[in-house]
Structure formats: structure tokens, C-alpha cells
Amino acid sequence: MTDPFLRPDPRLEGELRTLQHPGLPRHLVAQPPLPTDAMWMARALERAREAALVGEVPVGAVVVESSQVAGRGRIIAEGRNRTRQDVDPTAHAEIVALRAAGRRLGRSRLPGTTLYVTLEPCAQCAGAAVLARVDRLVYGAADPKAGMAGSLGNLLQDPRLNHRIQVTPGVLAPEAGALLTEFFRERRS
Ligand SMILES: [Zn+2]
């Protein structure tokens, strides 16, 4: 059986490139990772592992000050999927982290921040990132079934919306994908 999460992601390779997709809008403009992206993604993966321990789909997210991403950085908030615990279909890792970041900073918009998430965001979370006005979104594994940062479409860079987000896909994608694959394999057995 082919494993969509473990399939090599062509977006991992090369410099800035444009990907063509059949949906609307038609492409993702992907930025290469910054040196500290893997470190923050590792932290998001820790949150994802915590989710798995309590039976939640293992997805984690971290909000970091963009201006300091290239240096030592400062974390603003983090979160993990908690849809089952909260009995809330919207309680995805990104939403949990963005809400916590808004509370922490005392504002509903978060320019100057980067959102790290272990799985390509769904329509809800990509939309929330646009509403939050985050500068960058960095994700791990692609989600061929629900991803709206290049897989099914691209809500993050739609020129018709009044905010667009820089995107770096594929950071620690094998680790993020393996966590999801393992989780669903155990649930099936
Ligand atoms: Zn989501």
C-alpha cells in the first residue's frame, strides 16, 4: 500500500519554485527553509507526540516571532490537536496555538509571527492563518486529502484575499508523516 505521508515530497528539493496544481488557485510559491525552521518544527513534533499519547490525531503547532526566527527566537504559543478531548471539530493544533498566541500578545492579529505545524493545514486552519495575518507558515508532512497549502488548493497565497503568507513546506516531513502513519496503523489494529 502506498503511504501518502511517506511519499517523497518534490517540494523538499531545490530553491524557490512554483508548483502547479489542478485546483484553485493553481500554485504554491514555496520558500526554502531558514536555518532554525527544523528546531521549531521539532518542538511542534513534541506537541504532536503528546497528542498521540492521549489518543488525539498527532498534529502539533508552534507560533514564533518572525523577526527572531533566524536568531535565537522566541516562542509565543504552542498547541496540539484536541478535537476529541474538547469535543470540538475546530480544535486543530493551529487553532489552539493561534488562540493562545492572540491571548498572550493581547491582540487578534499576529503580524510578525511564523506558524509552524507538523501537517499541511486544512481549509479551516489555512483560513485562520490568513485571518491572523501571520507572516510565514512552515509545515511538515503534506496532506493529500485535506491540505490547503498546495495539495488541494492554496488558501495561503490566493491573490484575491487581502493577506498572503510565505510558505515553507516539507520541514521534518518524514518524522511528521511517520507519526501520523503509526497513529492510524495502531488505531486500525
Ligand atoms: Zn486544520
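Residues numbered from 1 in each chain as written. Predicted model: local features only at pLDDT ≥ 70, side-chain atom pairs only at ≥ 80, totals over all residues.

A. Representation of the overall build of the protein. The helix and strand inventory of the protein stands at 5 helices and 7 strands. Helices (α) and strands (β) of the protein occur, in sequence order from the N terminus, as β-β-α-β-β-α-α-β-α-β-β-α. Per-residue burial for the protein yields a buried fraction of 44% across its 189 residues. Within the protein, residue pairs in contact and separated by at least 24 positions form 62% of the contacts whose partners lie at least 6 positions apart. (Helix = DSSP H or I, 4+ residues; strand = E, 2+ residues; numbered from the N terminus. Buried ≥ 20, exposed ≤ 12 C-beta atoms within 10 Å, placed from the backbone. Contact = placed C-beta atoms within 7 Å.)

B. View of the environment of E56. Looking at where E56 falls in the secondary structure, it is placed in the loop between helix 1 (37–53) and strand 3 (60–65). As for E56 and F183, which are separated by 127 residues in sequence, their C-alpha atoms are 8.9 Å apart. In contact with E56, not counting residues within four places along its chain, are A51, R80, N81, R82, T83, R84 and Q85.

C. Expanded view of the nonpolar core. In terms of nonpolar packing, the biggest core is built from 52 residues, with V63, A97, Y116, A129 and L137 touching the most fellow members. Excluding its chain neighbours within four sequence positions, the residues that come into contact with L137 are L115, P121, A129, A149, L156, I165 and V167. (Core = buried A, V, L, I, M, F, W, Y, C linked by C-beta atoms within 7 Å.)

D. Molecular detail of helix 5 (residues 173–188). An ideal rise of 1.5 Å per residue puts 22 Å on 16 residues; helix 5 measures up with 23 Å between its terminal C-alpha atoms. Taken as a whole, helix 5 has its buried residues at A173, A176, G177, L179 and L180. Taken around the axis of helix 5, the buried residues stretch over an arc of 155°, which confines them to a single face. Exposed side chains of helix 5 directed beyond 90 degrees from the buried face belong to R185 and E186. (Expected span 1.5 Å × (residues − 1). Arc of directions from axis to C-beta.)

E. Quick look at the environment of L28. Structurally, the position occupied by L28 is in strand 2 (residues 27–30). When the C-alpha positions of L28 and V167 are compared, they lie 7.9 Å apart, and in sequence the two are 139 residues distant.

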